[in-house]
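# Notes for the structure review
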Amino acid sequence: FDAETGISMTQPTPQRNGAIRVFNGYLPDPVGVYENGKVDNNVTVFPNPANNGIRILLNNTLKVQKVEITNMEGKLVLKNLFDHYGQDVISVSSLNNGLYFIAVTDNNGFVHYAKLAVKH
């Protein structure tokens, strides 16, 4: 029983090719990429979608130390280092239109994640 979802599950059943039994129905074998649905509320990226530049803010007293932007293939396309507080603008004008992932490292060494859409 999963207390968070309220779904009662049993072990995979051999007669269903590994499907998981849920109540009186069956879920198919999982296929595809799992995406964590939890939003990191500690980081704000704006504007989003972006055209020329973005600003990144962290909640509370956290300080942005490093920003890494990767494309959908996981390739690092932009990296900025910071050594002070503030709302510094990061230029994204060199990035192609599309979706990107942002990893923001704070002054405590924790990494916060956000998504960014670029549209010129």
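Residues numbered from 1 in each chain as written. Predicted model: local features only at pLDDT ≥ 70, side-chain atom pairs only at ≥ 80, totals over all residues. Heavy atoms only, no water.

## Observations concerning unusual backbone geometry
In the segment running from Phe46 into Pro47, the intervening peptide bond is cis, with an omega of -10 degrees. Between Asn48 and the following residue, Pro49, the backbone shows a cis peptide bond with an omega angle of 15 degrees. Mapped onto the secondary structure, Pro49 falls in the loop between β3 (43-46) and β4 (53-58). Residue Asn60 is not a glycine yet carries a positive backbone phi of 60 degrees. (Helix = DSSP H or I, 4+ residues; strand = E, 2+ residues; numbered from the N terminus.)

## A look at the pattern of salt bridges
If charged atoms from side chains of opposite charge come close, those side chains can pair. Applying the stated criterion across every chain, the model contains 2 salt bridges. For the salt bridge of Lys66 with Glu68, the shortest nitrogen-to-oxygen distance reads 4.0 Å. The closest approach of N and O atoms between Glu68 and Lys79, which form a salt bridge, is 3.9 Å. Of the two residues, Glu68 is situated in strand β5 (residues 64-71) and Lys79 in strand β6 (residues 76-81); the sequence distance between them amounts to 11 residues. Note on Glu68: relative accessible area 22%, which makes it partly exposed. Classification of Lys79 by relative accessible area gives partly exposed; the value is 47%. Linked through salt bridges whose partners overlap, the residues forming this network are Lys66, Glu68 and Lys79. (Salt bridge = Lys/Arg side-chain N within 4 Å of Asp/Glu carboxyl O. Buried < 20%, exposed > 50% of the residue type's maximum accessible area, 1.4 Å probe, protein only.)

## Some words on the environment of His112
Along the chain, His112 falls in strand β9 (residues 111-118). Of the residues examined, His112 reaches a relative accessible area of 7% and is grouped as buried. Apart from the residues within four sequence positions on either side, His112 is in contact with Asp40, Asn42, Val43, Leu58, Leu62, Ile102, Ala103, Val104 and Asp106. Within the structure, His112 has its side chain in polar contact with the side chain of Asp106 (distance 2.8 Å). (Contact = heavy atoms within 4.5 Å. Polar contact = N/O pair within 3.5 Å; in protein donor to acceptor, adjacent residues only side chain to side chain.)

## Details of the nonpolar core
Judged by nonpolar contacts, the single largest core of 21 residues is most densely connected at Ile54, Ile56, Val67, Ile69, Val92, Ile102 and Leu116. Broken down by secondary-structure element, the contributors of at least two residues to this core are β3, β4, β5, β8 (98-106) and β9. Among residues more than four places away in sequence, those in contact with Val67 are Ile56, Leu78, Lys79, Asn80, Phe82, Ile90, Ile102, Ala103 and Val104. (Core = buried A, V, L, I, M, F, W, Y, C linked by side-chain atoms within 4.5 Å.)

## Re the confidence of the model for the chain
Per-residue confidence for the chain gives a mean pLDDT of 77, with 63% of residues at or over 70. Contacts from residues 21-26, a stretch scored under 50 in pLDDT, to residues over four places away or in other chains number 16 contacts. (pLDDT = per-residue confidence, 0-100.)

## Observations regarding the sheet that holds strand β7 (residues 89-91)
Across the sheet, 3 strands lie side by side as β3-β4-β7; this open sheet has antiparallel pairing. Lying at the two open borders of the sheet, with one neighbouring strand each, are β3 and β7. Taken over all neighbouring pairs, the strand axes of this sheet differ in orientation by 30 degrees on average, direction set aside. One ladder, built from 4 bridges, connects β3 with β4; its direction is antiparallel. Bridge pairing in β4 links Thr44 to Leu57. (Pairing = 2+ DSSP bridges. Axes fitted to C-alpha atoms, helices over the stretch in contact; angles between N-to-C directions.)

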